Amino acid sequence: MKILVSGGAGYIGSHTVIQLVAAGHDVVIVDNFSNANPTVLGRMESLTGTALAAHSFDLCDYDKTEHLFASEGFDAVIHFAGYKAVGESVEKPLDYYENNLGSTFSLVRAMQKHDVDKLVFSSSATVYGTDQAGATEDRRTFATNPYGWTKVMQEQILRDIAAASPESRFALLRYFNPVGAHESGTIGEDPSGTPNNLMPYIAQVAVGKRDKLRIFGDDYDTVDGTGVRDYIHVEDLAAGHVAALEALTTTTEPVNVWNLGSGRGTSVLELLHAFERAVGRELPYEVVARRPGDVAESYADPSKANAELGWSTQKTVDDMCADAWRWQSQNPQGFSG
């Protein structure tokens, strides 16, 4: 199939593009590079052994989006593009609503005009709000921040579109905490500014960019008092997108929802110690006050994806840390180094 991957130069998008090419798909990338480095394109081409078509523009520009559809003739879309920092969304809610919803409106209008009926949407565990422990796909969705609400709203928008267009085949993939990197160490997570997520922060402490890790609270009702999350290797996550895309070619359901996670929780301290094993030394940290809005535990029930997609996670937490450290140690300044 010929697949448009929006946000295809980003962290999850780039790993998914590599697996799509390996599966025999023809891939076209669109990315405005607001949160991605153009350097990644050359590295992806080296890893895939093929030239990748990439377009640099903002999907909120409907005319450019529609022109791309008119010129390429896509069979399906995987939609990663969007702002994704929870804290920033609280500070800049209008930016998040305008960008995340606007890009989806533009994309789906172009899909409808050019009879493209398959879409894999990058959703998030944030749609479960504060009720994220053992979450199943039938759990009520809500959010606690503007970023999360954009995901809840986009899911509802796609459901309504599918109800009006029964030929639609949409996959809503709710994933938990993507971490790790390509095993080559060539591509990985390269957050701009201070990392919002735990593992890239630990990696930057390990490589000397930051002096110590701050752990937000150690008095939760968990195995060691620190927050528990469901970490999924980005390579497993990418494989889940490829499996969902294939499922859309045979399913009779207009909308399919799948959790992508391991189903296992790992505490902050457990992840830190796993990263220390990868690095070969202890890393400095301090415990500080809890962050407002953080939940004690968040982990998926991935049994539906296991059964319906024939997909499950393959990589361990130690694998995630080893691959993340390989990427960070070989690229201490990320793609800019």
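Shown above is the structure to which this text applies.
The following paragraphs examine the structure supplied in this document. These numbers were taken from a predicted model, which means no experiment stands behind them. (Residues numbered from 1 in each chain as written. Predicted model: local features only at pLDDT ≥ 70, side-chain atom pairs only at ≥ 80, totals over all residues. Heavy atoms only, no water.)

As for the sheet that holds strand S12 (residues 255-260)
In step 1: Strand order in the open sheet made by the 7 strands is S3-S2-S1-S4-S5-S7-S12, with parallel pairing throughout. The open sheet has two free edges, formed respectively by strand S3 (53-55) and S12, since each of these has just one partner strand. In this sheet, adjacent strand axes meet at a mean angle of 20° when their direction is disregarded.
In step 2: Sheet topology note: the strand S2 (residues 26-30)/S3 ladder contains 3 bridges and is parallel. Paired with Ile29 across the two strands is Ala54, which belongs to S3.
In step 3: Set on the sheet, helix H1 (residues 11-22) makes contact with strand S1 (2-6), S2, strand S4 (76-79) and strand S7 (169-175); between it and S2 the angle comes to about 160°.
In step 4: On the sheet, helix H8 (residues 234-247) packs against S1, S4, strand S5 (118-124), S7 and S12 and is oriented at approximately 160° with respect to S7. (Pairing = 2+ DSSP bridges. Helix = DSSP H or I, 4+ residues; strand = E, 2+ residues; numbered from the N terminus. Axes fitted to C-alpha atoms, helices over the stretch in contact; angles between N-to-C directions. Contact = heavy atoms within 4.5 Å.)

Some points on the side chain of His79
In step 1: Structurally, His79 can be placed in strand S4.
In step 2: Side chain to side chain, His79 and Ser6 meet in a polar contact 2.7 Å long. (Polar contact = N/O pair within 3.5 Å; in protein donor to acceptor, adjacent residues only side chain to side chain.)

Observations regarding the packing of helix H3 (residues 62-72) against helix H5 (residues 93-113)
In step 1: Between H3 and H5, the shortest axis-to-axis distance is 9 Å and the interhelical angle comes to 35°. Read as a crossing pair, H3 and H5 show a hand that is right-handed. Residues Tyr62, Thr65, Glu66 and Phe69 of H3 form the contact with H5, whose own contacting residues are Ser106, Leu107, Arg109, Ala110, Met111 and Lys113.
In step 2: Broken down by class, the residue content of the contact of H3 with H5 amounts to 5 nonpolar, 2 polar and 3 charged. (Left-handed = near helix turned anticlockwise from the far one by under 90°. Nonpolar A, V, L, I, M, F, W, Y, C, P; charged D, E, K, R; others polar.)

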